[in-house]
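Here is what each chain is made of, one letter per residue.
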Amino acid sequence: MRLTDLLRVSMRQVLRHRRRYLGVVLAIAFGTAGVITIITMGRQFKYNINQDLDLLGKVTVIRFRFDNEKASRFQWFRPEAAAAVSRLPGVQAVSLLGAHKAPVVWRDQRQSLTVFGVDEFFWEVNNYKPLNGALIGPEAVAGRQRVCVVGADQAEKLFGKHDVAGLFLEIHYDLYRIIGVLEEAVPDSLSQAVFVPLTTFQDRLPGAALPATLFVRCHTWDDVPFLAANVPKVVQSLQEAENLQVDVRWWVWNRTVRIAWWVEFFVHMAVGVTLVLGGVGVWNIMMAAVRSRTREIGLKKAMGAEDHDIMAQFLTESLCLSLGAAILGVAAGRLAVEIVGQVMGTRPPESLFFISVGLSLLFALVIGVGAGLYPSLQASRMNVVEATRYE
Amino acid sequence: MSKAAVAPKIGRPYLIEVRGLTKEYRNGAGVITVLRDVNLQVTPGEIIAIMGPSGSGKSTLLYILGLLLPPTLGSYTFAGQDVLSLDRRGQAEFRRHKVGFVFQSCDLLENSTVYENLEFPLIYAGEDRQTRPAKILAALERVNLSHRVYHNANHLSGGEKQRVAVARALVNEPRVILADEPTGQLDHDNSQQIMDYFQKIIATGETAVVVVTHDPEIAARCSRIHTLRDGLL
Ligand SMILES: Nc1ncnc2c1ncn2[C@@H]1O[C@H](COP(=O)(O)OP(=O)(O)OP(=O)(O)O)[C@@H](O)[C@H]1O
Ligand SMILES: [Mg+2]
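Now for a look at the structure at hand. What you are looking at is a predicted structure, and each value in this text was computed from that prediction instead of being measured.

Before going further, it helps to spend a moment on the overall build of chain A. Across its full length, chain A holds 14 helices and 10 strands. Judged by the C-alpha coordinates and their principal axes, chain A covers about 110 × 45 × 35 Å. Burial status across chain A gives 52% buried among its 391 residues. The long-range share in chain A, meaning contacts at least 24 apart out of those at least 6 apart in sequence, stands at 80%. Carbon together with sulfur atoms contributes 62% to the accessible area of chain A, which is approximately 18500 Å² in total.

What follows is the structure, given as structure tokens:
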């Protein structure tokens, strides 16, 4: 039997009995679409949840800090170490932070405040928004501008109001233009502080005005343990690093991971069960087909079909079913991925999509052959006359 | 009783030669012997009629001749070849190229058109797709059904189904046509027409026909009549 005939005849059979096969096809298509969506968008999805969970405690932000009170020499993060860290897998963003006490003067008030030198990534890493005005951006850092951002509490204290952008503040004998006020939902120490570009900070503040803190934002919580362990190694390989401390909120992390695990578990279970049911469905429907089509099998054998012709036909039918369903599922999965991408405001990662499509088709192939093999073997071994006399 | 022992004419070897054929069915109730020591010779260019009461084993004999069922005992040579010793593959090949079989219940493939029904023997025989329509149409023309080529087989009348089954047996140009009551549901005219085709086919001298029938009129048009009774031919 020729391949073209085999495909034509099998496809015809499946299409003519599409109503019988509809349930199984839908189950497999549904499962496939689920798998594709989960594989393609899973990471994006987790990342989005992370951002939403930030209010509860920053599970995915790791703080690395040199404890300079214990150190024999002042320790700080070199730019090349930060750059190397940002290239580690699972790193979403890194930010350097320096802190220094400095005299701050507004009119006749003079106080000693904590001044933070930050890069433009600080806000993104910690998911901080301005209350008004702007935060320190890349131009301010690159241009070593004398601009500053004031914490909300401090703005209240110094000026009695929050709307202070455009005013000038004297920090360590230099005048800085205020460009914005940081939102209120931040730790106290930040709300009381003043922020200047890290470059300006290093230029203009006295003594060891250098970044001794490094924030690493992980892509998802799954990356946290790896990065907590490996960032210090990377740093140590590039510079001296004594008394490097790692701050992770492990208890929050543990809970988040546990909840996420359960959610993931249920989603995967649902998809897995759907696919297994699809496989069992194909098996079942092919067994039923072999039983109800005994006459046809006998007839075809009487017309000269060999065992392997019959077997090939049933196997191809089962493959047509499962692959057809998978192709349907891929289309539905693509649609779902596009929709989820729209909702989350990201482009779906194409490479993951194609990997998931490959996996789905492979799986369909396995289901088709696996579930179709035994029934088609049975069909091919059938005795001709018994088959034709079957009622 | 039997004229089968008559020697073939010189230069005309047997197409089918069956000796000592015995068939027993075994089931829960015990052993039923349907055929006992049956001998049968068929030369090309003959139409043989097999008659006999219901349950006498006519269909069984035909199945054995078509290699659809193995006999319990006996030998069967087809064109000089011992076909009982063929493996499953060889038997399928034999059915594909040498035999056209018309089932008593004139089974057609369900949910398929007349064309598709006739196409399968050609598919299995490895016939080119381009040359199939001509053969299918020719076979249908012989049974007056060329106007039903693309009809659904389920929607045909009983007689039409039977004629399609005959056409399907013809389409591969087999050496022998084994027809189990091919005219059982046909009126007089159509029955006679089928016999006309059978006679046209054997006129080439290459082909033989074995017909199981209850109809004496049909039997009268055959070269020889065999009657099965109590498993004996
Ligand atoms: N698989 C089987 N198992 C047991 N007995 C069988 C089997 N097949 C046929 N028989 C019996 O063998 C006998 C002959 O059957 P067969 O079909 O050959 O008869 P027939 O001469 O074609 O009858 P009819 O004219 O009614 O078609 C019957 O008695 C039948 O019951
Ligand atoms: Mg019969």
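Having seen the model, we can carry on.
In this section: the pattern of salt bridges. Residues and elements named next belong to chain A. On inspection of all chains with the given rule, the structure shows 30 salt bridges over all chains. The partner of Asp203 in a salt bridge is Arg144, and the shortest N-O contact between them spans 2.9 Å. Here Asp203, found in helix α8 (residues 198–204), pairs with Arg144, found in the loop between α5 (138–142) and β5 (147–150); they are 59 residues apart in sequence, far enough to count as distant. Residue class for Asp203 comes out partly exposed when judged on its relative accessible area of 46%. With its nearest N and O atoms 2.9 Å apart, the salt bridge here joins Glu296 to Lys300. In this pair, Glu296 and Lys300 are both assigned in helix α11 (residues 294–302), 4 residues apart and thus about one turn of the helix distant. Overall, the relative accessible area of 14% leaves Glu296 in the buried class. Here Lys300 falls in the buried class, since its relative accessible area comes to 3%.

Attention shifts here to the nonpolar core. Among the nonpolar cores identified, the biggest contains 64 residues, and B:Ile16, B:Leu65, B:Tyr76 and B:Val176 are the most heavily contacted of them. The contacts of B:Tyr76, once residues within four sequence positions are left out, are B:Ile16, B:Glu17, B:Val18, B:Ile64, B:Leu65, B:Leu67, B:Gln81, B:Asp82, B:Val83, B:Leu84 and B:Phe94. Ranked by size, the runner-up nonpolar core spans 52 residues in total, among them A:Phe64, A:Leu198, A:Ala212 and A:Val248.

Residues and elements named next belong to chain A. Summarising the element assignment, Thr274 is placed in helix α10 (residues 250–292). On the basis of relative accessible area, Thr274 is assigned to the buried category, the value being 16%. A C-alpha to C-alpha distance of 9.3 Å links Thr274 and Ala29, two positions 245 residues apart in sequence. Setting aside its immediate chain neighbours within four residues, Thr274 contacts Ala27, Phe30 and Gly31.

Before going further, it helps to spend a moment on the coordination of the magnesium ion (ligand 2). Residue and element names in this part refer to chain B. Protein coordination of the magnesium ion (ligand 2) is provided by Ser59 (OG) and Gln104 (OE1), with donor distances spanning 1.9 to 2.2 Å. Residue Ser59 is located in helix α1 (residues 58–65), and its partner Gln104 is located in the loop between β6 (99–102) and α3 (114–124); the two are separated by 45 residues in the primary sequence. With relative accessibility at 10%, the residue Ser59 sits in the buried group. With a relative accessible area of 38%, Gln104 lands in the partly exposed category.

Residues and elements named next belong to chain A. In terms of residue burial, α11 counts as a mostly covered element, since 8 of its 9 residues are buried. Where α11 is concerned, the buried positions are Thr294, Glu296, Ile297, Gly298, Leu299, Lys300, Lys301 and Ala302. A positive phi of about 105° marks Gly304, the residue just after α11.

What follows concerns the sheet that holds strand β4 (residues 73–78) of chain B. Residues and elements named next belong to chain B. Read across the open sheet, the 4 strands follow the order β2-β1-β4-β5; overall the sheet is antiparallel. Taken across any chain shown, the strands that pair with only one partner, and hence form the sheet edges, are β2 (30–42) and β5 (81–82). Strand contacts of α1: β1 (16–27), β2 and β4, with the helix running at about 120° to β1, the strand carrying the most contacts.

The rules behind the values
Residues numbered from 1 in each chain as written. Chains lettered and ligands numbered in written order. Predicted model: local features only at pLDDT ≥ 70, side-chain atom pairs only at ≥ 80, totals over all residues. Heavy atoms only, no water. Helix = DSSP H or I, 4+ residues; strand = E, 2+ residues; numbered from the N terminus. Buried < 20%, exposed > 50% of the residue type's maximum accessible area, 1.4 Å probe, protein only. Contact = heavy atoms within 4.5 Å. Areas by Shrake-Rupley, 256 points an atom, 1.4 Å probe, with all protein chains shown as cover. Salt bridge = Lys/Arg side-chain N within 4 Å of Asp/Glu carboxyl O. Core = buried A, V, L, I, M, F, W, Y, C linked by side-chain atoms within 4.5 Å. Donors = N, O, S within 2.8 Å, 3.2 Å for Na, K, Ca; no water. Pairing = 2+ DSSP bridges. Axes fitted to C-alpha atoms, helices over the stretch in contact; angles between N-to-C directions.

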